[in-house]
Every structure is written in structure tokens, then in C-alpha cells.
Amino acid sequence: MGQLTTRHLLGIKNINSDDIGLIFETADEFKTVINRPIKKVPSLRDITVANIFFENSTRTRISFELAQKRLSADVVNFSASGSSVSKGETLIDTVRNILAMKVDMVVMRHPVPGAHIFLAKHIDAQIINAGDGTHEHPTQGLLDAYSIREKLGGLEGKKVVIVGDIMHSRVALSNIFALQKTGAEVMVCGPATLIPKHIESLGVKVETNLLKALNWCDVANMLRIQLERQDIKYFPSLREYSMLYGLDLNLLNRLDKKITIMHPGPINRGVEITSDVADSEHSIILDQVENGVAIRMAVMYLLANN
Ligand code: CP
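Residues numbered from 1 in each chain as written. Predicted model: local features only at pLDDT ≥ 70, side-chain atom pairs only at ≥ 80, totals over all residues. Heavy atoms only, no water.

## As for the environment of lysine 151
Logical step 1: Take lysine 151: it is sitting in helix α5 (residues 138-152).
Logical step 2: Residue classification places lysine 151 among the partly exposed positions, given a relative accessible area of 45%.
Logical step 3: Considered as a pair, lysine 151 and leucine 9 are 142 residues apart in the sequence and their alpha carbons are 25 Å apart. (Helix = DSSP H or I, 4+ residues; strand = E, 2+ residues; numbered from the N terminus. Buried < 20%, exposed > 50% of the residue type's maximum accessible area, 1.4 Å probe, protein only.)

## Section: the nonpolar core
Logical step 1: Counting 60 residues, the largest nonpolar core has Ile23, Ile128, Leu142 and Ile295 as its most contacted members.
Logical step 2: Counting only domains with at least three residues in this core, you end up with domain 1 (12-136 + 289-305) and domain 2 (138-284).
Logical step 3: For isoleucine 128, the contacting residues outside a window of four places in its chain are Leu9, Phe64, Met105, Val106, Val107, Met108, His116, Thr139, Val299, Met300 and Leu303. (Core = buried A, V, L, I, M, F, W, Y, C linked by side-chain atoms within 4.5 Å. Domains from an automatic or database assignment. Contact = heavy atoms within 4.5 Å.)

## Looking at the site of the ligand
Logical step 1: Inspection of the region around the ligand gives Ser57, Thr58, Arg59, Thr60, Arg109, His137, Gln140, Pro264 and Gly265 as its neighbouring residues.
Logical step 2: Between serine 57 and the ligand, the recorded distance is 2.6 Å, taken from a side-chain N or O atom to an oxygen atom.
Logical step 3: Note that a nitrogen atom of the ligand is positioned 3.0 Å from one of the side-chain N or O atoms of glutamine 140.
Logical step 4: Calculation on the ligand without its partners gives an accessible area of 260 Å², and the protein chains cover 91% of this total.
Logical step 5: Looking at the shell around the ligand residue by residue, the classes come out as one nonpolar, six polar and two charged. (Near = heavy atom within 4 Å. Polar contact = N/O pair within 3.5 Å; in protein donor to acceptor, adjacent residues only side chain to side chain. Areas by Shrake-Rupley, 256 points an atom, 1.4 Å probe, with all protein chains shown as cover. Nonpolar A, V, L, I, M, F, W, Y, C, P; charged D, E, K, R; others polar.)

## Comments concerning the packing of aromatic side chains
Logical step 1: Taken as a whole, this structure holds five aromatic pairs when the rule is applied.
Logical step 2: These aromatic residues form a ring-pair network of at least three members: Phe235, Tyr241 and Tyr245. (Phe/Tyr/Trp six-rings, centres within 6.5 Å; stacked < 30°, edge-to-face > 60°.)

## Observations regarding the sheet that holds strand β5 (residues 159-163)
Logical step 1: On the basis of which strands lie adjacent, the open sheet formed by five strands has the order β7-β6-β5-β8-β9 and parallel pairing. With partners counted over all chains shown, the strands left at the sheet margins are β7 (205-207) and β9 (260-262), one partner each. Averaged over all pairs of adjacent strands, the angle between strand axes in this sheet comes to 25°, irrespective of strand direction.
Logical step 2: As paired strands, β5 and strand β6 (residues 185-189) are joined by five bridges and run parallel to one another. (Pairing = 2+ DSSP bridges. Axes fitted to C-alpha atoms, helices over the stretch in contact; angles between N-to-C directions.)

## Quick word on helix α3 (residues 91-99)
Logical step 1: Burial in α3 covers these residues: Leu91, Ile92, Thr94, Val95, Ile98 and Leu99. For α3, the arc enclosing every buried residue in end-on projection is 160°, short of the 170-degree limit, so these residues lie on one face.
Logical step 2: Close packing links the buried residues of α3 with β1 (48-53), β2 (74-79), β3 (105-110) and α4 (115-122). (Arc of directions from axis to C-beta.)

## With respect to the domain arrangement of the protein
Logical step 1: The domain boundaries assigned to the protein delineate domain 1 (12-136 + 289-305) and domain 2 (138-284).
Logical step 2: Contacts between domain 1 and domain 2 engage 28 residues on the former and 25 residues on the latter.
Logical step 3: In total, about 2400 Å² of surface goes out of reach between domain 1 and domain 2, with carbon and sulfur atoms giving 61% of it.
Logical step 4: On the domain 1 side of the contact with domain 2, Ile12, Phe24 and Thr134 bury the most area, a combined 26% of that side's loss.
Logical step 5: Applying the counting criterion to the domain 1 and domain 2 interface returns three salt bridges.
Logical step 6: Between glutamate 150 and lysine 31 there is a salt bridge, and its shortest N-O distance comes to 2.6 Å.
Logical step 7: Inspection of the region where domain 1 meets domain 2 yields 12 residue pairs in polar contact (both at pLDDT 80 or more).
Logical step 8: Mapped onto the side of domain 1 that touches domain 2, the elements with two or more residues apiece are α1 (17-34), α2 (59-70), β3, β4 (126-132) and α11 (285-304). (Buried area = accessible area lost by both parts, 1.4 Å probe. Salt bridge = Lys/Arg side-chain N within 4 Å of Asp/Glu carboxyl O.)

## Observations concerning the state of the cysteines
Logical step 1: Applying the stated rule across the entire model yields zero disulfides.
Logical step 2: The closest cysteine sulfur to the non-disulfide-bonded cysteine 189 is located on cysteine 217, 9.4 Å from its own sulfur.
Logical step 3: We classify cysteine 189 as buried; its relative accessible area is 0%.
Logical step 4: On the basis of relative accessibility, which here comes to 0%, the residue cysteine 217 falls in the buried class. (Disulfide = S-S within 2.5 Å.)

## A short note on the pattern of salt bridges
Logical step 1: Across all of its chains, the model carries eight salt bridges by this definition.
Logical step 2: For glutamate 65, the salt bridge is made with lysine 69, and the minimal N-O distance between the two is 2.7 Å. Of this pair, glutamate 65 and lysine 69 both sit in helix α2, separated by four residues, roughly a single helical turn.
Logical step 3: Salt bridges sharing common partners tie together Lys31, Glu150 and Glu290.

## A word on the packing of α5 against α11
Logical step 1: Contact geometry for α5 and α11: axes closest at 8 Å, N-to-C directions at 120°. Between α5 and α11, the crossing angle belongs to the class labelled oblique. Our pair here, α5 against α11, has a crossing hand that is right-handed. Between α5 and α11, the residues in contact are Thr139, Gln140, Leu142, Leu143, Asp144, Tyr146, Ser147 and Glu150 and Asp287, Gln288, Asn291, Gly292, Ile295, Arg296 and Val299, respectively.
Logical step 2: In terms of residue class, the contact of α5 with α11 is made up of five nonpolar, six polar and four charged. (Parallel < 35°, antiparallel > 145°, perpendicular 65-115°, else oblique. Left-handed = near helix turned anticlockwise from the far one by under 90°.)

Take a look at the structure:
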């Protein structure tokens, strides 16, 4: 078994293609484990993990907790709402207090980009970023790339378009890094107002016409419009957005090939994707969710063994 080159998982930008390959191979093993009648292994026995969420989550939070339980870790869960954060406690004080209870690993979601980097400099525990503001969501980037690898048999040379609110999406950035480091080509597509200036400097293609983007790609990853992070209007209305950038079966049927459809969730049905696509044979959305558990088991197992 190899070792990761990092002590924390703060972002995909900081890891290399060998790290990603090792995570995928380890996730392959864990995927067989979680499909067995007995789904539990003792790999993280005596390791205590704190899941600290300062932002809402359904998939990531449940997936991490399930992964920890499958690995026999001891788990504590913390939500900012209902905690002493509302009484003015700082991030470092909150986490130091949790660590004083002998926690080895922290999984944290936080609205501020870079909060994990700050924390990693100030505390001893291993840190996994479960999403920091508009910056990165590394385990989502890994599970998305892993799901494409599983569906298409590999990533080298595959063409992936990420559609929607690129500007406010941490999923977009982690996907770009993960896909490029595993040999895929990446395009971003959306309204010009939601595509960051200079994003081409990351080596991605940019397209504002959804039909052209879909004709180019093997896989389309449809993102949610992050209204909660938008302080101004970037497009006239959700209805107009949906007409230009929403994916429906009619549009898919206009392509002369079959493409794979992904979505990190949560889905706004009828905005970025219609139900007839989300629930169709083209979609691997629930495979992504299943793979999330195996990927998170692999990440925590490998970090704990570092
Ligand atoms: N994909 C994702 O991060 O979903 P949650 O916000 O529900 O965790």
C-alpha cells in the first residue's frame, strides 16, 4: 500500500496524480466492502473523527459519517447552529475545545474559502476539507472523477463539460483539478457573467452555448445555481437561465451521441436539469452518491496511515 504525499486533504490543487490514483485504487477495495453483507472493517478503530459543519449539507455529511462508521472510527458531529459559535466563539477556539477531547481527525465544511488552510496551521489534527465557500470541495472532485472512470472505463482523453454557476462553485474548481490531473479535458459552460475571468489560465476551454458544449463532451456535470452566494443578479431570471442552460431530454435527443450526465446535488429540478434527465439512463447521479462513501473511506484510511 502506497502513501499519500499530504497529511491533510485541503484541496485537489495540493495533491498529485499518484495521490489520486492511490485514492481510486483504495476506493475500489472499499467499494467491494460496502457492497458485502458485512460492510464494516476495523481500519480506523481507535481513531476519533469530528465532523464540523458550519454550513448545511446532506450528502457530504451523511457520506462522511457513514464512511467513518464503516471503518469503525469513533465519530462526533458538530453543527454551528445550536453551538457556542452563536455566542461569539472563534473557529480556532471551537476546534481546540473539540480537540481537547482527543480527536484525531477533523472533517470541516466552512463558508470561508481557506478556513481549512488556516486551521491546519494552528492545530495538530489531520484536516479534511468538506467544502470551503466558493473555493474547493476535494472529496466531491474525487468522487466525480472516480464515477467517470467507473462509467467510461478511464479518464485519459475523456471530455468533460461543467455547466452552470462556475463562479460560485467549489465543485467546479475541485473537478477541474481532479480531471486534469487524471488526463481528462475540461470545458466550462454557462452565462459569461457566471464564468470567472481568466479561467482559461487553468487550461480549461470556455463555451457559452450549451448545445455546442454538449456536442463536444462525453460527460456533462450540471451544477446548481448558488443563489445563497450571489449578492447581485448575474442573470435576469431562473426561467431565462433554465431556457438557455437547463438540460432536458429534448436537448439530449438533439445530440448525435449518448453522453453521461452528472450532478453533485442538491438538484434544483426544472432549473439546471429536468427530472426526465436526472432520472434517466444517461444519469449517474446516484452512482456519484454511492461512490462518495468509498472515496471518503479511502481518503480517511490513507490519511490515518500517513
Ligand atoms: N454535493 C454536496 O456537497 O452536497 P451537500 O451540500 O448536500 O453535502
